[in-house]
Each structure stands twice: as C-alpha cells, then as structure tokens.
Amino acid sequence: MSNFTRFRPKFTAGQQRYHISNANTIPGYVKAGAQVLSQSTFSNLYSKVGIIPDGNIFATWTVRTSATSTAAITWAGYVKDLFFYQAAAIATSTDAITYANSFGTPTYCREIAYGNGIYVSTGETKTSGQSAFTSTNGITWTTQTVIAATAFQTERVKYNGSSGIFMVAGGGGRIATSTDGVTWTAQSTSQTGTTSSIYGLAYNPNATSGQVVYVYGGVGGALATSTNGTTWNARTPVTATTINTITYGNGLFVYGQNGGRIATSTDGITWVERTSN
C-alpha cells in the first residue's frame, strides 16, 4: 500500500493531506498515490480515515450560473467527459462551470449512459412510445421509440460493456434492450416478472458466468435479478416498500427504500438491512 502504513500515514509533498482522528471526516476512505481507496478493503486501517484537501473537505462551494434560470434541477451526473444536469432541459458542461442547454432534449431525464460511441438518456415525451434519447456528442439529441404505441416512461439506463447492450427500465415493469439506442427489443411483464414501475437498476461489470449481472427494484418492494438481462428471478426485499434506487460498487449491491431503509447484498440475492442515519 503506497503512501501509508498501518498506524502512521506518510506525507508526500504536493499531495493532499491525510487526517486520522476520532471525529468524522469522510469515513472509510484514504488516498494512496493517485487512488482513493475504500477502508473496507483494508481492515487494519483506523476506523476514521479521510481526505482533507484544504483542511476542511467540501466546506466551501462556488455558485455557478445554470442554463435554466430558476427551473428545479432534478438530476446531475458525469458521463464520458461531460457534466449533465436535468431541469427544464438537459444542460451540459465540460468543466462543471459553464453550462449550455442541449438541443432536442428529453424531459424527465433520470440517467444517462454511454457506450458504442453513443449517449443514451432516459426520459419521456408526450408522444406514445417515445421514451429514449440518443446523442453522439451529448448536446444534440434524437428521440427514439422504445415500445411502439406504449406510453413507457423510462427511469434508468445502464450500458453493459461486455455485451455492448444498453438496458432501460421504467414504468409498468417494462424493460428493453438495444445495441445502438435506436432499435429496441422490449421484454414483456411476464418476462420481467412485475407490472410495478421500476425505479432502480444496477449493473455489476465484474460478474462472472452464472453471477448476477443486473438487479432492479421498484414500487411495492419489487426486486429481481438476472444473470443475462433477459431471464429475471424475483427476490425478497427486507421490507415490501418501494425501492427508489439501486447501485453497485466495491463488491456490493445497495438499495434505498421508502422510510429511510437501506440494504446491501454481495450477490443480489440475499439482502441485509443496514442502519441509516
């Protein structure tokens, strides 16, 4: 482990300072060389390890001018060299300072994924079936039909780099896949196993053969896993309340439910409730 020992971090000129104390800073992380590492990877580290860039992490924020006046900003993310946020329209920035509205933008964007040289956004229009949007530059967007003649509001999108497939999930328990973001193959609710709206979709890029690749969650505690993106198996959540979000990282699936409930799983199948603050 570079730049730190078990009990005494080494300080390198020009790098960020480290802080170990009994007070909470950023619990669970330490910087080693150019990497930010999770404390959970190294069980012998102190229980309170954090990075203090200027002596006080995130204490100072700089107000930036948005491209959307006073419209509420409902989503923000960084995808393939661009910062995005969703308000009245999608706005983009290369430096997180100066933003400009995109053209032909989707409404109700919840997520953007990138792969095969294409950005794919979730969203909706008021035209039946038009619920995905594609762009080659993140600025000019084209409306795509996911499920013809169906008012399908997409909530989440993921790109599987191994298979080269985009997956969207959303209203009515519907899921669809595509290699180019233009032509989509829809899955019936008998395939997905639910008619409840799907609010969370997680993708495990490290899955090996036979392991869970995708997990979705939604209204009423709908929860299911898939090893191939087409066959889904229902799973039991810790409680039957709506799952609003699911993510994967550091070897764990994590979901958040109504009522402030959080649960984790190493395989997407068996879930353990955790204590939220």
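Criteria and cut-off values
Residues numbered from 1 in each chain as written. Predicted model: local features only at pLDDT ≥ 70, side-chain atom pairs only at ≥ 80, totals over all residues. Heavy atoms only, no water. Buried < 20%, exposed > 50% of the residue type's maximum accessible area, 1.4 Å probe, protein only. Helix = DSSP H or I, 4+ residues; strand = E, 2+ residues; numbered from the N terminus. Pairing = 2+ DSSP bridges. Axes fitted to C-alpha atoms, helices over the stretch in contact; angles between N-to-C directions.

Overview of the pairing of strand S19 (residues 223-226)
And step 1. The two faces of S19 match: Leu223 and Thr225 on one face and Ala224 and Ser226 on the other face are all buried.
And step 2. Here strand S18 (residues 214-218) pairs with S19 via four bridges, running antiparallel. Bridging across to S19, Tyr214 finds its partner in Ser226.
And step 3. Once S18 ends, the chain turns through four residues before running back antiparallel as S19, passing Gly220 with a positive phi of about 70 degrees.
And step 4. Where S19 meets strand S20 (residues 233-234), two bridges bridge the pair, whose relative direction is antiparallel. Note on S20: the bridge partner recorded for Ala224 is Ala234.
And step 5. Where S19 hands over to S20, the hairpin turn is made up of six residues, of which Gly229 adopts a positive phi near 85 degrees.

Remarks on the sheet that holds strand S7 (residues 90-93)
Across a sheet, paired strands are connected by hydrogen bonds in the backbone, their directions being either parallel or antiparallel.
And step 1. Reading across from one edge, S5-S6-S7-S8 is the order of the four strands in this open sheet, with antiparallel pairing throughout. Strands with a single pairing partner mark the edges of an open sheet, and in this sheet they are strand S5 (75-79) and strand S8 (100-101).
And step 2. As judged from the two bridges shared by S7 and S8, these two strands associate in the antiparallel manner. Looking at S8, one finds that Ala91 is bridged to Asn101.

Side note on the sheet that holds strand S15 (residues 175-178)
And step 1. The strand order S13-S14-S15-S16 describes an open sheet built from four strands, whose pairing is antiparallel. Across the chains shown, the open sheet's two edge strands, defined by having one partner strand only, are strand S13 (154-160) and strand S16 (185-187). Across the sheet, the axes of successive neighbouring strands diverge by a mean angle of 20 degrees, strand direction being ignored.
And step 2. Of the strand pairs in this sheet, S15 and S16 are connected by three bridges, and their pairing is antiparallel. Residue pairing for S16: Ile175 is matched across the bridge by Gln187.

Re unusual backbone geometry
And step 1. Positive phi outside glycine occurs at Lys80, with the angle close to 45 degrees.
And step 2. Secondary-structure assignment places Lys80 in the loop between S5 and strand S6 (82-86).
And step 3. Classification of Lys80 as partly exposed rests on a relative accessible area of 42%.
And step 4. Here Asn250, not a glycine, exhibits a phi torsion of approximately 55 degrees, which is positive.
And step 5. The topology assignment puts Asn250 in the loop between strand S21 (243-249) and strand S22 (252-257).

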